[in-house]
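# Topology and contacts: notes
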Amino acid sequence: MSEFELESHAPKGPLQDRWKQHKFNCRVVSPANRKKYTVIVVGTGLAGASAAASLGEMGYKVKTFCFQDSPRRAHSIAAQGGINAAKNYQNDGDSVWRLFYDTIKGGDFRARESNVFRLAELSTSIIDQAVAQGVPFAREYSGYLANRSFGGAQVSRTFYARGQTGQQLLLGAYQAMSRQVACGTIEHRSRCEMQDLIMDGDRAIGIITRDLVTGELESHLADCVVLCTGGYSNAFFLSTNAKGCNASAIWRAHKQGALFANPCFTQIHPTCIPQHGELQSKLTLMSESLRNDGRVWAPKNKADCDKRPEDIPEQDRDYFLERMYPSFGNLVPRDIASRAVKLICDEGRGVGFEIDGKKLGVYLDFADAIKTQGLDTVREKYGNLFHMYQRITAENPYQTPMRIYPAVHYTMGGLWVDYNLMTTVDGLFAGGEANFSDHGANRLGASALMQGLADGYFILPTTVSDYLARRKPVKAENYQSQVDAAMQASKTRISALMNAPEPSVTPDDFHRQLGQILWHACGMAREKESLLTAVEKIRMLRDEFWKKVKITGEAEQLNQTLERAGRVADFFELAELMCLDALEREESCGCHAREEHLTDDGEAKRNDMDYSYVAAWQYSGEVSKPTLYREYLHFDFVRPSIRNYQ
Amino acid sequence: MIFKLNIWRQAGPNAQGFFEAHEVDASEDSSFLEMMDALNEQLILDGQDPVAFDFDCREGICGSCNLVINGTPHGKQKATTTCQQYMRDYKDEEALWIEPWRATAFPVIKDLIVDRTAFDRIIQSGGYIPIRTGSACEANTLPVEKDVADAAFDAATCIGCGACVAVCPNASATLFVAAKVAHLSTLPQGQLDKKRPAKMLKAMEDEGFGSCSNYRECERVCPKEIKVSTITTMNRLLYKANKSA
């Protein structure tokens, strides 16, 4: 691994002209030559499906892969609340500049100005594209598009399709991709998981995959590889992510030389259904949009915590978000809301189930909304969410307030990418949640869908073309030895998993233990000593994993236990890096709350003098000894201020 | 509490399947799939092959999970996917019979996992609006009446799980096709492709799904409550297209 300077390739000049100018500077491949180039896209959620569809339409030969049984099932589908766009349809003073500013401030000034501005700029085209595809966004009686408000913004710019915005946008991208499959430009493989990159020196030229039905390992060569494989929240075991979400593709890429940026930036979403049992396999999010009409409260007195909420009189309720943050109230950004909820529960004023001796939950109450707006309006807005809540908890939120508690939800960190979304590995791009690029230390609600689609529909098609235009198409016959090496590495790894010397513990069991360590040390609050202990514990548990992991069945067949073990093995390594990154960042910013660096009121104390940078980690050949590179952030258009939502 | 299970086991597409009896200890607050997880943990520790089943989001939206529980696709709770079924609703059941979706067009891959890629191919045959990236007009230049948009949304909530096929005596995918047609072809931006219903229905037949003979069982088990009125909508569009051609 070589020493290098991190070059973001962010253009200079007026912010509003940068993307336009950059697009013009990008080279293009002539239509007749495009079919000579193969692009691999791994992961077919919003970013992957939209990138694949767009690249296919342009005429490239695209190969797509997903581990699910259909691209339509990627976890983008679960995004509920909406997608931001600076359309200013509400005439409430919104603009590209305001969306840019809200996003960069929401991220606590830990993202690149150029990238965030481009995101805000592209937001409007995404809505146009989605509507043209038939995405049934909510509309007003006039027939024009409706908007709602979301956390961290004082304008109403969120487009939505009831509580299923992610589903509808994903189906739009999936359908666009399906059209290209029918046209023959995309060759898609479902139930197929990337095992490793095929490298030619420092350049990515393909991937090794495992067919999850037959267990067969296959090689696929390409002119470049695009990873849109999502985030790594599942390192915590319990998260709001789908069970299959994993970090394996980006982690294997990391071990082949791609730097991993800000791994400790993980978003804890304030409104999730609290954990209720030992066997629990995942946590369920309740959309942030609920905070538009729901009021968050906890009992003022500990003695009331065991009472039924309807028996606690108004004067004994503490609407703590409204009290602590009067100007944003219940709509403060996610990191702030989560920490406030934790604070209340740590004081012993939580409600609901007890986990590790503490009641972990506060109320999200719709009584006022139902009174003022009527039951039908509330049902129209949130019906599916209320239904979901009732199914899981057996409580009726129309009658009794919901209980909520924060849960791991999204990872701002990811593979380091430059302005072109290319990683530090030549020919390897990363889009969507898999990269680190736009959300800094905290993502605002309704921005994930925006970023995934900006990357996929608009950025990657331009920058991938620019990359390909500089190269001659790869000739498969020249790379047999590289393919063999990558294939052998994958085989060795699977064999090590299948043949642990003392097989006695299931992969899920290990995963739960790892999740516990991470949640306590690298969750909502972080502190030096507990992080150091966590690193030690993770190392020990990882050694034990490779000794004792138990997988039954064969590797050459459908084997879900083996799939899980492979993913857990990667989480074990990534988890350590998350803790090391959290240790290194001696400040609090966004989601990253170091207890040593909080004000007396529990607010984050950011340290711009020393930490205004992206921490990008290089694999050194030894997991426990990564090398840190710093990409310093420059703010020419906004002045980093203290985030104040009071 | 202890649940008695009879689970379909099948080593591969061409292997003979059979029911295998198990008992599992799970809290009544756990979800159905968490109960299945508990069984699999136990099987692995006993050195046996765990039961293969599909799942992913576990919040009822991805459409992966697909168990037939005591004869009903997805289980007894209406308008609810398998992953959102909770054991508290099954504590009085003497035994639970757990089977895969059964249809010629959904061959079993292993145990409870079936191959539903036929649905992808149906969508590829016309289940999209052919707009290129970047060529869309400004979104509000195309107003859509609210009730039209709402109806399209209701049809668009289909999660492609295949319960409609699993319950249909004809193993027909008409509700799946109709939901997509009713979503796309009623919106102004989707009306250009008059042949969409015909193309998608042909693809459905080519995949080996049966035809609709109005049993309406599909509507009963659909976890997203897609209405059979979408089939009426589709048939009307089909009729209109044929007439104008």
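Since the structure is predicted, the reported quantities are computational estimates derived from the model, not experimental observations.

### Quick look at the nonpolar core
- Counting 291 residues, the largest nonpolar core has Val39, Val225, Val226, Leu227, Leu415 and Cys579 of chain A together with Cys164 of chain B as its most contacted members.
- Ranked by the residues each element gives to this core, the list is headed by helix H16 (residues 560–584) of chain A, at 13 residues.
- Excluding residues within four positions of it along the chain, Leu415 of chain A makes contact with Leu227, Ile250, Ala253, His254, Ala258, Phe260, Ala261, Thr423, Ala430, Ala434, Asn435 and Phe436 of chain A.

### Overview of the packing of helix H15 (residues 528–548) of chain A against H16 of chain A
Residue and element names in this part refer to chain A.
- At a minimum axis separation of 9 Å, H15 and H16 run at an interaxial angle of 165°. Relative to H16, the element H15 lies roughly antiparallel. For the pair H15 and H16, the sense of crossing is left-handed. Within the contact between the two elements, H15 uses Lys528, Leu531, Ala534, Val535, Ile538, Arg539, Arg542 and Phe545 and H16 uses Ala569, Phe572, Ala575, Glu576, Cys579, Leu580, Ala582 and Leu583.
- Residues belonging to the contact of H15 with H16 are distributed by class as follows: twelve nonpolar, no polar and four charged.

### Quick look at the packing of helix H3 (residues 146–156) of chain B against helix H5 (residues 174–185) of chain B
All names here are of chain B.
- It is at 8 Å that the axes of H3 and H5 come closest, and there the two elements cross at 155°. As judged from the angle between their axes, H3 and H5 are roughly antiparallel. With respect to the hand of their crossing, H3 and H5 are arranged in left-handed fashion. Here Ala152, Ala155 and Ala156 of H3 come into contact with H5, specifically with Ala179, Ala182 and His183.
- Across the contact of H3 with H5, the residue classes tally to five nonpolar, one polar and no charged.

### Comments concerning the domain arrangement of chain A
All names here are of chain A.
- Looking at the assigned domains, one finds that chain A contains domain 1 (270–408) and domain 2 (484–612).
- Computed over C-alpha atoms, the centres of domain 1 and domain 2 are 30 Å apart.
- Take the side of domain 1 that touches domain 2: its biggest share by element is five residues, from helix H9 (residues 334–346).

### Thoughts on the domain arrangement of chain B
Residues and elements named next belong to chain B.
- Domains assigned within chain B are domain 1 (2–110) and domain 2 (117–244).
- The C-alpha centroid of domain 2 is placed 29 Å from the C-alpha centroid of domain 1.
- Taken together, the 18 residues of domain 1 in the interface contact 16 residues of domain 2.

### A short note on the sheet that holds strand E9 (residues 224–227) of chain A
All names here are of chain A.
- Strand order across the open sheet formed by five strands is E5-E2-E1-E9-E19, with parallel pairing between neighbours. Strands with a single pairing partner mark the edges of an open sheet, and in this sheet they are strand E5 (186–189) and strand E19 (428–430). Strand-to-strand twist of the sheet, defined as the mean angle between neighbouring strand axes without regard to direction, takes the value 20°.
- Where strand E1 (residues 38–42) lies against E9, four bridges are found, and the strand directions are parallel. Looking across to E9, one finds that Val39 is bridged to Cys224.

Definitions and cut-offs
- Residues numbered from 1 in each chain as written.
- Chains lettered and ligands numbered in written order.
- Predicted model: local features only at pLDDT ≥ 70, side-chain atom pairs only at ≥ 80, totals over all residues.
- Core = buried A, V, L, I, M, F, W, Y, C linked by C-beta atoms within 7 Å.
- Buried ≥ 20, exposed ≤ 12 C-beta atoms within 10 Å, placed from the backbone.
- Helix = DSSP H or I, 4+ residues; strand = E, 2+ residues; numbered from the N terminus.
- Contact = placed C-beta atoms within 7 Å.
- Axes fitted to C-alpha atoms, helices over the stretch in contact; angles between N-to-C directions.
- Parallel < 35°, antiparallel > 145°, perpendicular 65-115°, else oblique.
- Left-handed = near helix turned anticlockwise from the far one by under 90°.
- Nonpolar A, V, L, I, M, F, W, Y, C, P; charged D, E, K, R; others polar.
- Domains from an automatic or database assignment.
- Pairing = 2+ DSSP bridges.

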